[in-house]
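# Coordinates in review
What follows is the residue order along each chain.
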Amino acid sequence: MTRFVFITGGVVSSLGKGLTSAALGALLQARGYKVRLRKLDPYLNVDPGTMSPTQHGEVFVTDDGAETDLDLGHYERFTGVSARQSDNVTTGRIYSTVIAKERRGDYLGGTVQVIPHVTDEIKEFVQSDVTDEDFVLVEIGGTVGDIESLPFLEAIRQLGNELGNERSMFIHLTLVPFISAAGELKTKPTQHSVKELLGLGIQPDVLMCRMERPLPASDRKKIALFCNVRPEAVIPAIDVDTIYQVPIGYHEEGLDVQVCKHFALPTDKEPDLSRWHNIVKRVREPEGEVTIAVVGKYVQLKDAYKSLSEALAHGGIANNVRVNLDWIDSEIFEREDAVKHLEHVHGILVPGGFGERGAEGKIQAAKFARERNVPYFGICFGMQMACIEAARNVAGVVGANSSEFGPTKNPIVGLMTEWIKGNEVQKRSETGDLGGTMRLGAYPCVLKAGTKVAAIYGQPSISERHRHRYEVNINYKPQLEKAGMVFSGMSPDGVLPEIIEYPDHAWFVGVQFHPELKSKPFAPHPLFQSFVEAALVQSRLV
Ligand code: GLN
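Just so it is clear, the structure is predicted and the values come from calculations on it, not from any experiment.

## Re the overall build of the protein chain
A tally of helices and strands in the protein chain yields 18 helices and 25 strands. For 542 residues, the compact-globule estimate of 2.2 N^0.38 gives 24 Å, and the C-alpha radius of gyration of the protein chain, at 25 Å, lies within 12% of that figure. Seen along its three principal axes, the alpha-carbon backbone of the protein chain occupies a region of about 75 × 65 × 45 Å. Here the protein chain holds 542 residues, and the buried ones make up 57% of them. In the protein chain, 73% of the contacts between residues at least 6 apart in sequence involve partners at least 24 apart. Just so you have it, the protein chain exposes about 22300 Å², and 50% of that area is on carbon and sulfur atoms. Both charge centroids of the protein chain, one from 58 positive and one from 69 negative side chains, sit 1 Å from each other.

In structure tokens form, the structure reads like this:
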């Protein structure tokens, strides 16, 4: 029997609903249950693929090629369950399905309305693609009170009614602020938020209260009384120093017990949280530290590189060191010398990116790393820029550039117009749609024997997640090879360069895919583990 737990948020955004959902998933898993997590996003884009990373944060890509919300990254990292296309939906996608059905004549004779047509579509999505999961946790994006999320809240209200208490449950995450002038925690915003939810027909079963300091018993009672929940179901979610402490903290406050009790499941056995305790210990007591410069252009919003910073932290966990990140806006190198910003760091990472702005600065960063023998990790755009750098400065290809930035005589990086996905040929042109048309999701890559990456992965072929429209141009391979670059990973048909490296460099690897998307705290990605290790070696030199 699959049970559905709906997680809503109130008072303010950014309370960490995604992490809360992921942590609950981890706790239920630790109790031996099979879980699945999904997210409903209220905006009108069909998916976040066309949104600016500085607005929306990172786009998390699944193996099956869906461009999704970054919360799915938290879900994967905390539970190890690979997210799928069917785990994230937006208002835009729901409406386009409903409208397509209307045009097809599926509702012939009827007036198509938010209730029941849109809500039915949402309910169908929530329950779709579920097999033997014990729990499906469904996070509803946005904050209660937003106009946009109303159809989603209405749909989960209906579902709660249809499934009954035995199969559904509502958790509401709110803020309990501390007002220092009064020296008090304030419960009123939570009361209002629950009232708002009640007005929509949803009575939360559990309240998660984000707060900076412990919740006194009197406040707990007050919240319970006013919000119509039992005092044990008011769970303080106190700020912690590391996200890996969140499942432990929630367990100590009784969250998993409350959920199990709601569904009349046994609670006598303690869940095994030893792996979380181990990780927290490693994070809190590192044996050293390294500094990595992340040279990107969305650095003002850390969420734009969420999986990346997590993967670097995992690389640190694997090496027992803390990884300090030096976020550098690549545009700065167009005005100032890279040396002063980079000479103290132990590794340089140029992450994924789009568009011309900031590209020259990333090329500078790759040049600095190559010339100074500083570990360099180029991811997607970061690999492309490293190839342009080598073409220009080592191979002597005048005007080497990417056609992403406009017409160029020497397109070292060019638009992919054709590639193979499974048994099908994918075709693209300059004038095609931008949404959902990149080379997305898991693709295989064959590693060249004897190379650094072959040693790092320890296997001859790998599968990694992609998200790109441009590609290092195979026609320039001979020139780049002459410049000392080795093409150490290729698509199985040998057409698409997937990985490049310099064999005579301390650690210089560029990958066309996004390895950060598959790294987990309990299974750090081998490339991040190796890169941090190389940075550690470098830290002993500078
Ligand atoms: N803009 C580049 C491309 O589309 C790189 C994309 C990325 O870094 N994810 O190929």
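## Brief notes about the sheet that holds strand E21 (residues 461-468)
A sheet is described by the order of its strands in space; here nine strands give the open sequence E13-E12-E14-E15-E25-E24-E23-E20-E21, paired in mixed fashion. For this open sheet the edge positions go to strand E13 (321-329) and E21, each flanked by a neighbour on one side alone. Here the average twist between neighbouring strands, direction ignored, is 25 degrees. As judged from the four bridges shared by strand E15 (residues 376-379) and strand E25 (residues 508-511), these two strands associate in the parallel manner. Within the sheet, the bridge partner assigned to Ile-379 lies in E25 and is Val-511. Where helix H12 (residues 306-319) meets the sheet, it contacts strand E12 (288-296), E13, strand E14 (347-350) and E15, and its direction lies at approximately 150 degrees from that of E13.

## Considerations on the sheet that holds strand E22 (residues 470-472)
The strands making up a sheet are joined through hydrogen bonds of the backbone, oriented either antiparallel or parallel. Sheet architecture is open: three strands sit in the order E16-E17-E22, paired in mixed fashion. Looking along the sheet, the strands with just one partner apiece sit at the ends: strand E16 (400-402) and E22. Each adjacent strand pair in this sheet contributes to an overall mean axis angle of 30 degrees, direction not counted. Of the strand pairs in this sheet, strand E17 (residues 410-415) and E22 are connected by three bridges, and their pairing is antiparallel. The residue of E22 that forms the bridge with Val-413 is Val-472. Of the strands in this sheet, E16, E17 and E22 are in contact with helix H15 (residues 381-393), which crosses E16 at around 165 degrees.

## A short note on the pairing of strand E19 (residues 424-427)
Pairing of strand E18 (residues 418-421) with E19 involves four bridges; the strand directions are antiparallel. By the bridge assignment for E19, Trp-419 is matched with Gln-426. Counted along the chain from E18 to the antiparallel partner E19, the turn is two residues long, and its residue Gly-422 has a positive phi close to 60 degrees.

## Some words on H15
Over its 13 residues, H15 extends 18 Å from the first C-alpha to the last, a length consistent with the 18 Å expected when each residue adds 1.5 Å. Across the 13 residues that make up H15, a large majority, 11, are buried. For H15, the complete set of buried residues consists of Phe-381, Gly-382, Met-383, Gln-384, Met-385, Ala-386, Cys-387, Ile-388, Glu-389, Ala-390 and Ala-391.

## What about the environment of Pro-48?
Here Pro-48 shows up in the loop between strand E2 (35-41) and helix H2 (53-56). Exposure remark for Pro-48: the relative accessible area of 1% places this residue in the buried category. Those residues in contact with Pro-48 that lie beyond four places of it in its chain are Tyr-43, His-56, Val-59, Glu-67, Thr-68 and Asp-69.

## Some details on a nonpolar patch on the surface
On the surface, a cluster of nonpolar side chains totalling about 310 Å² of accessible area is made up of Val-537, Leu-541 and Val-542. Assessed through its relative accessible area of 56%, Val-542 is described here as exposed.

Definitions and limits used
Residues numbered from 1 in each chain as written. Predicted model: local features only at pLDDT ≥ 70, side-chain atom pairs only at ≥ 80, totals over all residues. Heavy atoms only, no water. Helix = DSSP H or I, 4+ residues; strand = E, 2+ residues; numbered from the N terminus. Rg over C-alpha atoms; globule rule 2.2 N^0.38 Å. Buried < 20%, exposed > 50% of the residue type's maximum accessible area, 1.4 Å probe, protein only. Contact = heavy atoms within 4.5 Å. Areas by Shrake-Rupley, 256 points an atom, 1.4 Å probe, with all protein chains shown as cover. Lys, Arg positive; Asp, Glu negative; His and termini not counted. Charge placed at Lys NZ, Arg CZ, Asp CG, Glu CD. Pairing = 2+ DSSP bridges. Axes fitted to C-alpha atoms, helices over the stretch in contact; angles between N-to-C directions. Expected span 1.5 Å × (residues − 1). Patch = residues over 30% accessible without salt bridge, like charges linked within 9 Å, V, L, I, M, F, W, Y side chains within 5 Å. Salt bridge = Lys/Arg side-chain N within 4 Å of Asp/Glu carboxyl O.

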